[in-house]
Amino acid sequence: PDAVPDAAHLAHLADHVIVAGYGAQAEALAAALAGAGVPFAIATLSPDGARAADADGHPVLRGDYTRQPILDAVGLGRARDLVVADDAPGTAHRV
């Protein structure tokens, strides 16, 4: 099994939204959540997406969000919602 990236920077999150993926739609959603003061985190496998989310100042975990360990690391058990905002419908279907 693949190693789960360090998610200590997300351990404080609770009642948050997990945004899976970081394309154009996820970027717009993240901006709206941030503007509304809603806590959230991004989970994305894409190195470019992870860099963009980080550059935008968003908490991000780089990993395959279709895998349970990644969802657990980003706080699925403490989250209020999971939004799959991936551009690839086949990937979104696997969550």
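That block above? That's the structure.
Residues numbered from 1 in each chain as written. Predicted model: local features only at pLDDT ≥ 70, side-chain atom pairs only at ≥ 80, totals over all residues. Heavy atoms only, no water.

**What about the pattern of salt bridges?**
Next, step 1: Within this structure, the stated rule accounts for 2 salt bridges.
Next, step 2: Two residues, R80 and D15, come together in a salt bridge whose shortest N-O distance is 3.4 Å. Of the two residues, R80 sits in the loop between α3 (68–73) and β4 (81–84) while D15 sits in the segment before β1 (17–20), which places them 65 residues apart along the sequence.
Next, step 3: For D15, a relative accessible area of 44% puts it in the partly exposed group.
Next, step 4: Note that R51 is salt-bridged to D48, the shortest N-O span being 2.5 Å. (Salt bridge = Lys/Arg side-chain N within 4 Å of Asp/Glu carboxyl O. Helix = DSSP H or I, 4+ residues; strand = E, 2+ residues; numbered from the N terminus. Buried < 20%, exposed > 50% of the residue type's maximum accessible area, 1.4 Å probe, protein only.)

**Quick word on helix α1 (residues 24–36)**
Next, step 1: Along its 13 residues, α1 runs 19 Å from first to last C-alpha, staying within 8% of the 18 Å computed at 1.5 Å per residue.
Next, step 2: All of the buried residues in α1 are A26, A30 and L33. One side of α1 carries all its buried residues, which in axial view fall inside an arc of 65°. Exposed residues pointing more than 90 degrees away from the buried face of α1 are listed as A24, Q25, G35 and A36.
Next, step 3: Elements in contact with the buried residues of α1: β1 and β2 (40–44).
Next, step 4: Two residues or fewer after α1 comes G37, characterised by a positive phi angle close to 75°. (Expected span 1.5 Å × (residues − 1). Arc of directions from axis to C-beta. Contact = heavy atoms within 4.5 Å.)

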